[in-house]
Each structure stands twice: as C-alpha cells, then as structure tokens.
Amino acid sequence: MFQLANERVEKIKSEMQRYETKQSAIIPALYQVQEQYGWVSKEALDFLADLMEIPVAEIREVFTFYTMFNQKPTGKFHLQVCTNISCSMAGGRELTDYICKKLNVKPGDTTADGKFSVSKVECLGSCDTAPVMQNNFEYHENLNEAKIDQIIESLQKLN
Amino acid sequence: MLKCTVNGKEIEVAEGTMVIEAFKQAGEDIAHYCWHPGLSVAGVCRLCMIEVEGAPRLMIACNTQVTEGMVVSNNSAKVQEAVKWGLDFHLINHPLDCPICDQAGECGLQDQYMKFGQYDPEMAERKVKKRKVVDLGRKIVLDTERCILCSRCVRFTDEVTKTSELGIFNRGDRSEIGTHEDKPLDNDYAVNVVDICPVGALTSKDFRFKQRVWYLDNDSTVCNGCSTGCNVNVYYNEKGYFRVKPEHNKDINDYWMCDKGRNIFKHVNKENRLLKAIKKTEAGTQMMAPGAAAKDVASLIKNYSSDQVAVVFTGQYTNEEYEDAMMYIDKLGTKKVYHWVNNSESFDDFDGILLRGDKNPNTAGLIKALEAKSLNSTWEQLEAELNSGAIKLVILAGPELQEYFPDIQEKIQLFSKAENLVVLSSNPNPAYRDVDYLIPMKTFVEKKGSFTNFAGTVQKIQKMRLVVSQALSLGEAMQLMAGDELQIGASL
C-alpha cells in the first residue's frame with residue numbers, strides 16, 4: 001500500500017506554490033517519493049497525479065525522461081555509470097560491461113543478494129573527471145578497472 | 001492584410017498568419033508532420049523548412065509569422081537538402097513494414113519519402129526496437145516503433161478533449177508515446193488521433209486490415225448520428241462501406257468528430273439490410289418488391305376513411321423527403337401526423353465538444369415540415385385514438401439508426417393496436433416481426449438531400465454507392481402509398 005508521509009505531502013504542496021506552474025514541482029515531488037521508497041511505483045504516480053491535479057501521463061513523461069528516478073526497487077548500492085559523451089569516450093560503456101560481468105548482472109538489474117544495482121545514466125555533470133560513476137549519492141571519478149575492483153570490494157565489506 | 005511572396009507567388013494574408021498557412025493559401029506544397037491546423041504549434045518535426053530572404057539560416061514555416069513584404073521559398077536546393085536529411089533522421093528508427101502497415105497509401109512519411117527520400121539510407125546503426133501492437137482499449141492499437149514523435153495525438157488529448165491520457169515517455173531514441181500503464185484510450189473522441197497520426201503508429205481497431213485505402217472511394221456528407229451535423233467523409237467500394245472520417249468545417253465540427261459517429265456506416269452494408277418488402281399474410285409472410293408492397297398498401301388505404309389513417313415520423317429523413325411526404329399526406333387527406341421523439345430525457349444534452357443528446361440528424365427539418373402544414377397533433381392524441389380504435393392504419397417512417405431508439409419494441413406494440421401497421425425501414429429489427437408491411441428504405445448514403453442541424457444550418461448529403469437498389473426513399477414510398485406512380489428518373 002502506497003502511503004507518502006504527511007510531511008512529504010506538505011512539502012510537495014509548498015513546492016507547488018513556489019513556482020509559476022505546478023508542473024515545475026513534478027521533479028521535487030518525485031524526489032519526495034523516491035527518498036521515502038527508494039523508487040517510484042505506478043501507484044505513486046497515480047497518487048501524485050491526484051495530489052497535484054496534473055494528468056498522470058504528464059507526470060510519467062517527466063518521470064521516465066530522467067535517469068535519476070528509479071522505475072523499480074534498487075539494491076543497497078546503486079551504481080550509476082555515466083555513458084554520456086565524455087564518459088563514453090573515456091571508456092564508460094566498457095566499464096559498465098566490466099562491472100556487470102563482475103557482479104553477474106545486466107544493466108538495470110539488481111544482484112541476487114540485493115546488494116548491488118547497476119544502471120547506465122545520462123550526464124552526471126563531471127565531464128572533466130570522466131569516466132564517472134555514482135554510488136547512491138557518492139561520486140567516484142577518473143575510474144578504471146582497478147578502481148572499480150577497489151570500490152566494489154570495500155562496498156562488499158559493508159553491511 | 002500583409003503582402004508576401006511564396007515561391008515567387010505574391011499573395012495577401014491576414015495578420016498573424018504563419019508561413020505554413022501562407023504556403024497552403026498559395027497552393028504550394030510544403031512537407032510537414034507535426035503541424036496540424038486544429039492544434040497548437042509544436043515545431044518538432046523540422047520538415048517545413050523555408051528560406052526567408054535576408055535571413056542567414058533556414059527557418060520552420062509552422063512557427064514563423066508572416067511579416068509585411070516577406071519573401072519565402074522552399075524550392076531551393078538548400079531547403080530540399082535539409083528536408084531530405086530531416087526525413088532520413090525520422091526514418092532512423094522507423095520500421096520499413098509498409099506492406100503490413102494499415103497506414104500505407106495515406107502515410108505522411110511514405111508521401112514525403114516519395115518526394116524527398118534519400119533512397120539509399122546512410123545509417124549504419126541498428127534500429128531501436130520498441131513495443132508493437134500495444135492495445136489501447138477497444139478502439140485503438142499503438143505501434144510505438146512506427147511513431148515519429150510528432151506529438152499531434154498528445155496535443156489532441158491535451159487541447160481538444162482535455163483528457164491528457166497520452167504522453168511521450170523515456171528520452172532520446174527510446175522515446176515513445178503511450179498512456180500511463182497502457183490504460184485504454186477510450187474518451188468519446190479517441191479515434192481522431194488515428195486520423196491525425198501522420199504514420200501508422202495509431203490505427204483504428206475497427207478499420208485496420210479491412211481494406212487497403214487505395215481501393216476505397218470517398219464522398220463527403222453529413223453525419224446522421226446526432227443533431228450537430230458534423231461534416232464527414234464516407235469511404236466505400238464495391239464490397240461495401242468501410243469507414244467514416246471527419247471533414248473540416250470551421251463552423252460546425254472543426255477537424256473532428258465523435259467516436260459514435262464512426263459507426264454510422266455499419267447499418268448501410270448489405271448483410272445488415274432489409275432487402276425485400278415483407279408482407280404478413282394468413283399463411284405466414286410473403287416477400288415482395290418494395291415498390292409493389294407500397295402499391296399494395298395504397299389499395300389497403302382505400303378501405304379506410306382519411307381520418308382512420310395516421311403517419312408517424314422520426315427525425316431521421318431528409319428535408320426533401322419530408323416535403324414530398326407532406327405533399328402525399330395532403331393527398332391522403334389525413335391530419336393525423338405525429339413526431340416520435342426518441343430519448344426525450346437526454347434530448348437537450350451537450351458534451352461541450354460535439355455530441356448532442358438529440359440522436360437525429362434532422363429533427364429541426366421535421367418540425368419545420370410539420371409546422372408548414374400546421375400539423376400539431378400530440379403524442380397523447382395518438383395514444384388515445386389508438387386505444388379507442390379510431391386509427392385503423394399506421395404508417396411509420398422508422399428510424400435509420402435503430403440503436404438510438406431504445407423504445408422501439410414498446411412503440412411498435414403501441415402502433416400495433418391499429419388494424420394495420422406499415423413500417424418503412426432500412427434495416428430489419430426483431431420488433432418488426434409482426435408488422436403487416438415492412439418496406440425497405442434507402443440509407444443516408446443512397447440518396448441526395450439535406451439535413452437541418454440543431455442550429456438551423458441546412459447541409460447537403462450526397463448519393464454514393466447504392467447497396468439495396470430497390471429500396472425506396474420516404475418520398476417515393478409515400479407517393480406510391482398515396483396511389484401515385486413513380487416517374488422514371490425522378491427518384492431522389
């Protein structure tokens with residue numbers, strides 16, 4: 001059962017007052033849901049449509065446009081590898097393949113133990129330090145295979 | 001008014017005109033997918049490229065306003081090169097499944113490709129595969145691969161129906177149109193998105209795979225589904241009638257029509273029609289030619305005095321038919337003429353777009369014809385006289401669209417209180433099983449004439465292909481029943 005916390009509902013309402021159009025509050029609203037649940041379900045979209053009085057298709061347009069909104073539950077560590085131009089030129093796509101092979105998952109999927117999710121994302125705004133990856137909200141820059149090994153190893157030790 | 005030059009032609013256009021409209025006005029061809037005269041400007045397909053004298057770069061005609069003295073053209077090599085490449089980009093992920101695509105023959109992409117195509121695509125990348133045959137409810141099928149993301153359908157649901165079911169989801173080359181969780185697209189105007197889709201992404205479940213469009217003829221007429229009188233095009237060939245599409249009329253229906261009106265051709269086809277007149281006899285029933293049956297009725301009428309004969313009309317016939325019918329009613333001498341009002345509770349409903357509660361194309365015309373002859377008998381009088389046995393013979397000019405007459409059974413029972421009941425009808429109905437004479441009528445695509453809509457606008461309907469050649473018009477039937485002969489070639 002989808003139930004957004006009251007303070008988050010209030011936050012969304014205040015965001016809707018903040019901008020010229022309430023459509024501008026769609027991204028902050030989606031963030032409120034994702035912060036609580038870790039992802040955004042279709043029930044959540046219907047809930048937001050009712051709450052904000054915006055057609056659900058319009059919210060879905062925004063939701064599916066951005067790679068930072070998760071369309072399904074993610075693992076404990078969400079590895080988001082940038083495959084936009086600069087990172088791709090610096091080997092971002094090959095690194096994604098490497099990570100996927102290492103963790104035995106496909107891009108977009110989560111490992112069987114629920115620990116890691118891997119996804120390709122659009123520009124993380126750190127082209128000068130390409131290739132770049134985000135683990136949840138933490139940036140890892142100037143990556144190579146050795147660095148990936150290190151990062152994954154240290155994450156595996158955490159519980 | 002503003003003067004401008006379009007491909008060398010000097011024309012005058014109204015202030016605020018967009019260049020693309022100036023091209024249309026000048027009769028000059030201009031490639032475009034996303035622009036639609038009934039919707040807002042999106043400017044996404046980038047095909048309506050033009051060269052404006054004095055401007056350094058090409059511009060899009062749909063989003064550029066005409067200014068005084070503007071000189072524009074789209075026939076230079078520079079423009080054609082741009083259009084050619086624009087088209088190639090549209091085709092990057094478009095499947096080449098024209099042979100199995102229902103849009104083939106009336107496809108914007110195909111048309112443009114014939115004119116501007118590269119023919120030798122230079123794209124080495126693989127096409128992005130997307131979802132095909134997405135079921136959007138009982139009316140529409142979506143093929144997201146064929147979609148070129150012109151956004152016409154999205155703007156239609158935002159701007160015309162204001163229901164906003166459709167959106168463009170995902171991004172870049174994975175963008176696709178759809179509804180949230182594939183919810184059905186079932187508003188009352190949904191099929192219009194099939195018409196405005198320039199490619200085969202949105203197709204109509206009712207029409208898809210029935211016919212290739214190049215095997216169809218079409219003629220314009222008026223929808224007979226309600227009193228709005230939307231202008232429509234009906235598509236047909238020797239096998240029958242296949243679909244109805246709206247035709248632009250800025251005063252009545254703009255570019256649109258409702259989904260109910262899409263079905264008005266179905267009763268016309270032979271398998272649903274009454275082909276011969278049926279006379280009830282002591283031994284059972286006898287099939288007759290329609291004209292012969294009407295003459296039979298004429299001799300039957302002679303057994304009664306004129307005030308024993310009643311005529312009941314529905315608002316489903318043309319002005320011309322009512323006029324003729326009134327003439328022969330004069331000849332019969334009866335003043336007992338009645339108007340069967342179907343669904344009177346919802347008669348004045350209006351959905352704010354096009355749909356009206358009066359499900360007759362010509363109620364206004366019928367009322368006018370009755371008033372002209374000062375015929376103002378009430379339904380209560382009819383009921384009273386049927387109950388008292390004062391009326392011996394009833395002639396019913398039955399409804400062509402029977403589904404809008406839910407009380408048909410009940411009314412036939414009422415009319416059957418008379419000794420004889422003659423029903424004129426284009427189609428059979430279980431309720432007509434025991435009537436004394438059932439005479440086949442022409443449908444609205446088999447006769448000329450006019451309908452008067454709710455606002456009093458008189459609009460012409462056209463005679464297209466005959467399905468039941470012996471069927472009569474209301475005027476012809478009344479003429480024969482009044483004892484007159486039909487004149488050859490005089491038929492409507």
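Cut-off values and rules
- Residues numbered from 1 in each chain as written.
- Chains lettered and ligands numbered in written order.
- Predicted model: local features only at pLDDT ≥ 70, side-chain atom pairs only at ≥ 80, totals over all residues.
- Heavy atoms only, no water.
- Domains from an automatic or database assignment.
- Buried area = accessible area lost by both parts, 1.4 Å probe.
- Helix = DSSP H or I, 4+ residues; strand = E, 2+ residues; numbered from the N terminus.
- Contact = heavy atoms within 4.5 Å.
- Polar contact = N/O pair within 3.5 Å; in protein donor to acceptor, adjacent residues only side chain to side chain.
- Core = buried A, V, L, I, M, F, W, Y, C linked by side-chain atoms within 4.5 Å.
- Buried < 20%, exposed > 50% of the residue type's maximum accessible area, 1.4 Å probe, protein only.
- Salt bridge = Lys/Arg side-chain N within 4 Å of Asp/Glu carboxyl O.
- Pairing = 2+ DSSP bridges.
- Axes fitted to C-alpha atoms, helices over the stretch in contact; angles between N-to-C directions.

Student: Help me out: how do you make sense of the domain arrangement of chain A in this one?
Tutor: Examined at the domain level, chain A breaks down into domain 1 (6-65) and domain 2 (77-157). Placing a centre on the C-alpha atoms of domain 1 of chain A and another on those of domain 2 of chain A gives a separation of 28 Å.

Student: Before we go on, may I ask you to explain the domain arrangement of chain B in this structure?
Tutor: By a widely used convention, the size of an interface equals the accessible area lost when the partners come together. All names here are of chain B. Domain annotation for chain B reports domain 1 (2-90), domain 2 (125-268) and domain 3 (273-481). Distance between the C-alpha centres of domain 1 and domain 2: 27 Å. A combined buried area of about 1,100 Å² lies between domain 1 and domain 2, and 61% of that area is made up of carbon and sulfur atoms. Summed over the three residues of domain 1 that lose the most area to domain 2, namely Y33, H36 and L39, the buried surface amounts to 48% of that side.

Student: How do you make sense of the environment of Q103 of chain B when you look at a structure like this?
Tutor: Residues and elements named next belong to chain B. Assignment of secondary structure puts Q103 in the loop between helix 2 (77-91) and helix 3 (108-116). Separated by 99 residues in sequence, Q103 and L202 place their C-alpha atoms 8.9 Å apart. Those residues in contact with Q103 that sit more than four places away from it in its chain are C197, P198, V199 and G200. Engagement of the side chain of Q103 in a polar contact is seen with the backbone oxygen of C197, the distance being 3.2 Å.

Student: What exactly am I supposed to notice about the nonpolar core here?
Tutor: Ranked by internal contacts, the top residues of the largest apolar core, which has 110 residues, are L202, Y241, V312, L382, V394, I412 and F415 of chain B. Broken down by element, this core gets its largest block of residues, 5 residues, from helix 1 (residues 19-26) of chain B.

Student: Please explain the pattern of salt bridges as it appears in this structure.
Tutor: A pair can form between side chains of opposite charge whenever their charged atoms are brought close. In this structure the tally under the stated criterion is 38 salt bridges over all chains. In this structure, R174 of chain B engages E122 of chain A in a salt bridge whose closest nitrogen and oxygen atoms are separated by 3.8 Å. A residue pair is termed interchain when its members come from two chains, as with R174 of chain B in the loop between strand 8 (166-169) and strand 9 (176-179) and E122 of chain A in the loop between strand 2 (116-121) and strand 3 (133-135). A cluster of three or more residues bridged by salt bridges with shared partners is formed by D97, K132, D143, E145 and R146 of chain B.

Student: Can you walk me through the sheet that holds strand 5 (residues 70-73) of chain B in this structure?
Tutor: Backbone-to-backbone hydrogen bonds join strands into a sheet, with any given pair of strands oriented parallel or antiparallel. Residue and element names in this part refer to chain B. Taken together, the 5 strands give an open sheet; going across it, the order is 2-1-5-3-4, and neighbouring strands pair in mixed fashion. Both outer strands of the open sheet, strand 2 (9-13) and strand 4 (59-60), are each paired with one neighbouring strand and no more. Pairing of strand 1 (residues 2-6) with strand 2, which is carried by 5 bridges, proceeds in the antiparallel orientation. Considered in strand 2, the bridge of K3 is made with E12. Taken strand by strand, helix 1 contacts strand 1, strand 2, strand 3 (49-52) and strand 5, and its axis lies near 115° from that of strand 2.

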